[in-house]
Amino acid sequence: MIKRKKAQVQMGESFAIIIIVIIMIVLGLIFYSKIKSEDISKKELLFDELSMVELAQIAGALPEIHCSSADVSDSNCIDLLKINALEEIITSSSASGGDKTAFYYYREIFGRGKIMIREIGLDGTINEWILYKTDNESLSQNTIFSPVSIYNPSTNTKSFGMLIITKYT
Amino acid sequence: MKNKKKAQMEIMGLMVIVVLIAISIFFMVSFRSNNQPTTIKKDYSDTQLGTNFILAILKVDTECQGLNIEELIKDCATQNRVSCSGISGCEYLNQSIDFLLNKTLYNMSTRFNFTIEKAKIPISFANECEMSDESTTTGFQPIPLYPLRNDNAFVKLKICKS
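About the cut-offs
Residues numbered from 1 in each chain as written. Chains lettered and ligands numbered in written order. Predicted model: local features only at pLDDT ≥ 70, side-chain atom pairs only at ≥ 80, totals over all residues. Helix = DSSP H or I, 4+ residues; strand = E, 2+ residues; numbered from the N terminus. Rg over C-alpha atoms; globule rule 2.2 N^0.38 Å. Buried ≥ 20, exposed ≤ 12 C-beta atoms within 10 Å, placed from the backbone. Contact = placed C-beta atoms within 7 Å. Axes fitted to C-alpha atoms, helices over the stretch in contact; angles between N-to-C directions. Parallel < 35°, antiparallel > 145°, perpendicular 65-115°, else oblique. Left-handed = near helix turned anticlockwise from the far one by under 90°. Nonpolar A, V, L, I, M, F, W, Y, C, P; charged D, E, K, R; others polar. Pairing = 2+ DSSP bridges. Expected span 1.5 Å × (residues − 1). Arc of directions from axis to C-beta. Domains from an automatic or database assignment.

A. Up close: the overall build of chain B. Broken down by element type, chain B carries 4 helices and 6 strands. Along chain B, from the amino end to the carboxyl end, the secondary structure elements read α-α-α-β-β-α-β-β-β-β. Relative to its length of 162 residues, chain B is extended, with a C-alpha radius of gyration of 30 Å against a globular reference of 15 Å. Its C-alpha atoms give chain B principal-axis dimensions of about 105 × 30 × 20 Å. Residues classed as buried in chain B amount to 31% of the 162 residues present. A fraction of 55% describes how many contacts in chain B between residues 6 or more apart in sequence connect residues 24 or more apart.

B. Structural view of the interface of chain A and chain B. Taken residue by residue, the interface counts 24 residues in chain A and 25 residues in chain B. For the side of chain A that touches chain B, the elements supplying multiple residues, two or more each, are helix 1 (2-60), strand 5 (141-152) and strand 6 (157-168) of chain A. Sorting elements by how many residues they give to the side of chain A that touches chain B places helix 1 of chain A first, with 9 residues.

C. Quick peek at the packing of helix 3 (residues 69-77) of chain B against helix 4 (residues 89-106) of chain B. Residues and elements named next belong to chain B. Two elements in contact, helix 3 and helix 4, have axes whose closest approach is 9 Å; the angle formed by their N-to-C orientations is 135°. The angle between helix 3 and helix 4 places the two elements in the oblique class. For the pair helix 3 and helix 4, the crossing hand works out as left-handed. In contact with Ile-69, Leu-72, Ile-73, Asp-75 and Cys-76 of helix 3, helix 4 contributes Gly-89, Cys-90, Tyr-92, Leu-93 and Ser-96. Its residues placed into classes, the contact of helix 3 with helix 4 shows 7 nonpolar, 2 polar and 1 charged.

D. Expanded view of the pairing of strand 4 (residues 123-127) of chain B. All names here are of chain B. Two elements, strand 3 (residues 112-117) and strand 4, share 5 bridges in a ladder whose sense is antiparallel. Residue pairing across strands places Ile-116 opposite Ile-123, the latter belonging to strand 4. Two successive antiparallel strands, strand 3 and strand 4, enclose a turn made up of 5 residues, where Lys-118 displays a positive phi of approximately 80°.

E. How the structure looks around the pairing of strand 4 (residues 126-133) of chain A. Residues and elements named next belong to chain A. Note that strand 3 (residues 113-120) and strand 4 share 7 bridges and pair antiparallel. Pairing of Glu-119 across the sheet is with Asn-127, part of strand 4. Hairpin connection of strand 3 to strand 4: 5 residues between the antiparallel strands, including Gly-124 at a positive phi of 95°.

F. The arrangement of the sheet that holds strand 3 of chain B in detail. Residue and element names in this part refer to chain B. Strands sit in the order 4-3-6-5 across an open sheet of 4 strands; the sheet is antiparallel. If you trace the sheet from one side to the other, it starts and ends with strand 4 and strand 5 (135-144), each paired once. Looking at each pair of strands side by side, their axes are set apart by 10° on average, direction ignored. Where helix 4 meets the sheet, it contacts strand 3 and strand 4, and its direction lies at approximately 15° from that of strand 4.

G. How the structure looks around helix 2 (residues 80-94) of chain A. All names here are of chain A. An ideal rise of 1.5 Å per residue puts 21 Å on 15 residues; helix 2 measures up with 21 Å between its terminal C-alpha atoms. Listing the buried residues of helix 2 in full gives Leu-80, Ile-83, Leu-86 and Ile-90. One side of helix 2 carries all its buried residues, which in axial view fall inside an arc of 125°. The outward face of helix 2, more than 90 degrees from its buried face, is lined by the exposed residues Leu-81, Asn-84 and Glu-88.

H. Region of the structure containing the domain arrangement of chain B. According to the domain assignment, chain B contains domain 1 (1-35) and domain 2 (40-160). Relative to domain 2 of chain B, the C-alpha centre of domain 1 of chain B lies at a distance of 63 Å.

Structure (structure tokens):
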């Protein structure tokens, strides 16, 4: 009788230990998965920021709008006439019924976002050109501002401008 | 008696394991919370502002005798002979730079400190940023004053950490 009780107590003890170990394993797995999902969110943010920087570098180095003299590109300078021309090409391409080749080409490069140039004249005038814009605007967006010099070949003068690159996430 | 001691020892063993696990979880959580959030975009954006702003502003052509900002700085740092619509070149320069900063860096709530050294009048603008504050980037451009002076004027733009 005593031996049976002893055996039952020992079995109960082993059973309790197994249950505790299982509970601890389950808690550990839940904790690990929470930490891992936090890691993944951080990585997602990091990749979003990297793609934003990549887009800013591509937009800032577009040969289609850079100033050039004797085939030599001038850094940090964009040509006003080239801006007008590129804006015209992309806008007419993105319009319904138009040949969408140019728009698709730039959509491959820029993705979902907006590329805008703002000229700030010393006389208070502000001119803006939207070079590229996708239709599906999102509430979540990242913007980078890059100062540039805007050269007007007609008057041979330069003014201050901002290249505003927005990426929708 | 022996059995009681044995049971107590077993429970002590279990408690030690639980305490060890709790301590390791505590250390893991505290190390993770020390990780700084990523600032790649902010750093790149500030670097672009700091370096390109000066380069762009120096090339701006003004209505003051057809001179650009760089030429006005040269005059302001040497003879200060230029006059535009009744005000001196230095005053015109001050107003133009103030205007551009208002339309750009002030509007974007960027903490910055912009100075032109060696100018005849102090040209300095700041938005919650002193020269001693920690900065993300500092743009710097020397402007040679030769042949009028064997010296350089300096344009500095410091973008402070926000």
